[in-house]
Amino acid sequence: MSQPAALITTVQLAAVLSDPNLRLYDCTTYNEPVPPGSDVPYRAVPGDKTFAAGHIPGADFLDLQGEFSDASSQHFYMMPDVAQLEAAFGRHGIDASKTIVLYSIGTMMWATRFWWMLRALGIDALVLDGGFDKWKEEGRPVETGAPKGYPATTFKATPRAGLFIDKTTVLARIGDPATVIVNALGPQFHRGLEPSRYGRPGRVPGSVNVPAATLVNADKTLTTLADAEAKFAAQGVTRDKSVICYCGGGISATIDLFLLAQLGFHELTLYDASMGEWARDPTLPIETD
C-alpha cells in the first residue's frame, strides 16, 4: 500500500516550505495532571511556550481548547458550532484553496484532531508524519518566537454530517451488528484494570480495543497501512461496518480515525465527549473484564 493520501513526510514538507500557498500549523496542547479528586481529568495547556521555543519556519499556532472548542461545555475539546470555527480558522488564514499542513509535538494526535475537525467542515488537510519531533531529529531548520500568523481569510465551511456523535447515539448503537465501537485507550483502561482519571473504570459495553499507541512507531510516525489494517481486522473492524471511535477526550481516537480513513473506510464517526463523559454518567452502562 502506498503512503496515505492525507499524510505528508518531512522530506515532502521541506520541499514546499517556501510555497506561498502553504499554511502550516503547530496544533500542540498538553494534558497536565491535576490533584486527586479533581472535577476534571487534566488541565488543558496550550503549546504556545514550546512553539515559541522552536517551530517549523513560517508555522502558525492553533490553540485547540482556547479558540477551537466549545467553551460552554464542561468537557475539554468539544467540537463547537460551525460559526465559531469559521471565524477562528479564518483568523488563522485557512481556506479551501490553501495547502494546509498540521503537526504537533510529542504525539500526532493533536494534528489528527484538527484534521478530523477540518474534515467535518469539508476541508481536506495534510498531517505531518512524525510531527515536529521527526523534523527536529533530522536537523531541519527551526524558528523561534511567537507566531507571525497568516493573512486572515473568509473561511466558509461545507459541513459533512455525522463525523461527531453524542452519548445518545452511542447508547443506541450498542449491540448493533452493523456497528463496531472502537476504544483507542490502552488495554489496561479498556479492561478496567486500572483506575481511570475519567471516572468509573471500564469501557463502552461491547467495544473493541485498538489502542492509538499501537498505531504509532517509536519515532512518532504512523505505522504502515498494512499493519493498521491487520490490527483493525483482528478486532473485527471491517469496511462493512459503521465505526464509532472513542478514547478519553476525543483526541487520541482521531489517530485511529485518520488511519481508517486512509484505508478507505467510509462510515466513520467520533464520540466527541468519550470516556470523559461516559465514565462520569452513572446512567450509562459500563463494562470491565
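Preceding this section is the structure that the text describes.
First things first, this report covers the structure right here in the doc. The structure displayed is predicted, hence computed values, not measured ones.

Thresholds applied
- Residues numbered from 1 in each chain as written.
- Predicted model: local features only at pLDDT ≥ 70, side-chain atom pairs only at ≥ 80, totals over all residues.
- Heavy atoms only, no water.
- Buried < 20%, exposed > 50% of the residue type's maximum accessible area, 1.4 Å probe, protein only.
- Helix = DSSP H or I, 4+ residues; strand = E, 2+ residues; numbered from the N terminus.
- Contact = heavy atoms within 4.5 Å.
- Core = buried A, V, L, I, M, F, W, Y, C linked by side-chain atoms within 4.5 Å.
- 1 Å grid on protein atoms, 1.4 Å probe; cavity = no way out; pocket = protein on both sides within 12 Å on 5 of 7 lines; lining within 4 Å.
- Points joined across faces, edges and corners; volume = space filled by probe spheres on them.
- Nonpolar A, V, L, I, M, F, W, Y, C, P; charged D, E, K, R; others polar.
- Polar contact = N/O pair within 3.5 Å; in protein donor to acceptor, adjacent residues only side chain to side chain.
- Pairing = 2+ DSSP bridges.
- Axes fitted to C-alpha atoms, helices over the stretch in contact; angles between N-to-C directions.
- Parallel < 35°, antiparallel > 145°, perpendicular 65-115°, else oblique.

Thoughts on helix α10 (residues 253-262)
Of all 10 residues making up α10, 10 are buried, and the element is well covered by its neighbours. Regarding α10, the residues found buried are Ala253, Thr254, Ile255, Asp256, Leu257, Phe258, Leu259, Leu260, Ala261 and Gln262.

Structural notes on helix α4 (residues 82-91)
Taken together, the buried positions of α4 are Leu85, Glu86, Ala88, Phe89 and Gly90. Looking at the buried residues of α4, the elements they touch are α3 (64-67) and α5 (109-120). Immediately beyond the C-terminal end of α4, within one or two residues, lies Gly93, with a positive phi of roughly 85 degrees.

Focus on the nonpolar core
If you look at the biggest cluster of nonpolar residues, it comprises 91 residues, and the most contacted ones within it are Phe89 and Leu102. Looking at which element gives the most residues to this core, the answer is α5, with nine residues. If sequence neighbours within four positions are ignored, Leu102 has contacts with Tyr25, Cys27, Ala111, Phe114, Trp115, Leu118, Ala125, Leu126, Val127 and Leu128.

A short note on the layout of surface pockets
Over the atoms rolls a probe the size of a water molecule, and its path tells where empty space is left. For the largest pocket, the calculated volume is near 490 Å³. What lines the largest pocket is a set of 33 residues, and nearest its centre among them are Ala184, Leu185, Arg197, Tyr198 and Ser252. Within the lining of the largest pocket, the residues separate by chemical class into 18 nonpolar, 12 polar and three charged. In this structure, the second largest pocket spans a volume of roughly 230 Å³. Surrounding the second largest pocket, 18 residues form its lining, Gln74, His75, Gly276, Glu277 and Arg280 being those nearest its centre. Along the lines of polarity and charge, the residues of the lining of the second largest pocket split into seven nonpolar, five polar and six charged.

Observations concerning the side chain of Thr269
Relative to the elements of secondary structure, Thr269 occurs in strand β12 (residues 268-271). Take Thr269: its relative accessible area is 5%, and that puts it in the buried class. Separated by 2.6 Å, the side chain of Thr269 and the backbone oxygen of Gly162 make a polar contact. There is a polar contact of 3.3 Å between the side chain of Thr269 and the backbone oxygen of Leu163. Excluding residues within four positions of it along the chain, Thr269 makes contact with Trp116, Gly162, Leu163, Phe164, Ile165, Val243, Ile244, Cys245 and Leu257.

Some thoughts on unusual backbone geometry
Positive phi, close to 80 degrees, is recorded for Lys220, a residue that is not glycine. What makes Lys220 partly exposed here is its relative accessible area of 27%. Even without a glycine there, the phi angle at Ser274 is positive, about 50 degrees. Residue placement: Ser274 occurs in helix α11 (residues 274-278).

Some points on the sheet that holds strand β9 (residues 179-183)
Here we have five strands laid out as an open sheet, ordered β8-β12-β11-β9-β10, and parallel in their pairing. Each having just a single partner strand, β8 (164-165) and β10 (208-209) make up the two edges of the open sheet. Bridge count for β9 against strand β11 (residues 242-246) is five bridges, and the pairing is parallel. Paired with Val182 across the strands is Cys245, a residue of β11. Here α10 sits on the sheet and contacts β9, β11 and β12; the angle it forms with β12, its principal contact strand, is near 175 degrees.

Brief notes about the pairing of strand β2 (residues 22-26)
Most of β2 sits out of view: five of its five residues are buried. What you see with β2 is no split at all: Leu22, Leu24 and Asp26 on one side and Arg23 and Tyr25 on the other are buried throughout. The sheet contact formed by β2 and strand β6 (residues 99-103) spans five bridges and is parallel. In the sheet register, Leu24 faces β6, and the bridge partner there is Val101.

Section: the packing of helix α9 (residues 225-234) against α10
Where α9 meets α10, the closest approach of the two axes is 10 Å, and the angle between their N-to-C directions is 110 degrees. It follows from the interaxial angle that α9 and α10 lie roughly perpendicular. Across the interface between the two elements, Leu225, Ala228 and Phe232 from α9 touch Asp256, Leu259, Leu260 and Gln262 from α10. Looking at the contact of α9 with α10 residue by residue, the classes come out as five nonpolar, one polar and one charged.

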